[in-house]
Amino acid sequence: VFESDPYVVPEDAEVLEKLTVIREQDRRHAHVLGTLIAARGGVPGPGVFPFWNLDLNFLTVPTVSQFVVDALHEEIGLYDLLIARWPAADDDGRAALRVIRDEKARQVADLAPAVAAAKVREAEAHVAKAAAVKKTRDARIAKQKAAAEAAKKAKAAAGKPGAVPAAAAAPVAAAASAEI
């Protein structure tokens, strides 16, 4: 996750730190898995994390982090299947897989609450921004209505005998508009 305003905000620091820890642990996990595969006569073939194939450019950190939490849940299930199918004679391999699986579970336990809190914070920020835009719009509309009403009154007053001429009423309408 790269810093990209407005999609990464200072409030995302906690989630970004947790993602950094996960990335570092995943590198170690990849090394352990590569060693296990090589020990069994295979050749490690790294693949691309499926979500990175998607266009994630305009998503916020809480949104992208939810993808990570979902992927970690899936990985835990895959490790459970792999451990169940791992050759019984290879206790070291099975133990290494359990360690990785348990670390994935700890990653979820650590990241998921931070992501949930970030999503709530993000939703509240969107609501506050929408309310600010609505308040500004409502104030602008009220100002326009007041100016129109003042102009209407000035025009009506101009048509009555003994009324203030329209030229004299215009500053009054402008002043009413400026006060709002």
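Residues numbered from 1 in each chain as written. Predicted model: local features only at pLDDT ≥ 70, side-chain atom pairs only at ≥ 80, totals over all residues. Heavy atoms only, no water.

1. Topic: the packing of helix 2 (residues 61-85) against helix 3 (residues 91-158)
Packed helices, taken two at a time, are described by their axes: the angle between them and the distance between them. Two numbers describe how helix 2 lies on helix 3: the axes approach to 8 Å, and their chain directions differ by 160 degrees. With respect to each other, helix 2 and helix 3 are oriented roughly antiparallel. Two packed elements cross with a definite hand, and for helix 2 against helix 3 that hand is left-handed. Considered class by class, the residues forming the contact of helix 2 with helix 3 number 17 nonpolar, five polar and nine charged. (Axes fitted to C-alpha atoms, helices over the stretch in contact; angles between N-to-C directions. Helix = DSSP H or I, 4+ residues; strand = E, 2+ residues; numbered from the N terminus. Parallel < 35°, antiparallel > 145°, perpendicular 65-115°, else oblique. Left-handed = near helix turned anticlockwise from the far one by under 90°. Nonpolar A, V, L, I, M, F, W, Y, C, P; charged D, E, K, R; others polar.)

2. Points about the pattern of salt bridges
The tally for this structure, following the rule as stated, stands at eleven salt bridges. Here Asp80 and Arg101 are joined by a salt bridge, their closest N and O atoms 2.6 Å apart. Residue Asp80 is located in helix 2, and its partner Arg101 is located in helix 3; the two are separated by 21 residues in the primary sequence. For Asp80, a relative accessible area of 36% puts it in the partly exposed group. Across the salt bridge formed by Asp102 and Arg101, the nearest N and O atoms sit 3.9 Å from each other. Judged by its relative accessible area of 36%, Asp102 falls in the partly exposed class. Shared partners join several salt bridges into a network, and the residues in it are Glu14, Lys18 and Asp110. (Salt bridge = Lys/Arg side-chain N within 4 Å of Asp/Glu carboxyl O. Buried < 20%, exposed > 50% of the residue type's maximum accessible area, 1.4 Å probe, protein only.)

3. Regarding the nonpolar core
Within soluble globular proteins, side chains that are nonpolar generally end up buried alongside one another. By size, the foremost hydrophobic cluster in this structure holds 15 residues, and its most contacted members are Val15, Leu19, Leu72 and Leu111. Elements with a contribution of two residues or more to this core: helix 1 (13-39), helix 2 and helix 3. Discounting chain neighbours no more than four positions away, the residues touching Leu72 are Ile22, Lys104, Gln107, Val108 and Leu111. (Core = buried A, V, L, I, M, F, W, Y, C linked by side-chain atoms within 4.5 Å. Contact = heavy atoms within 4.5 Å.)

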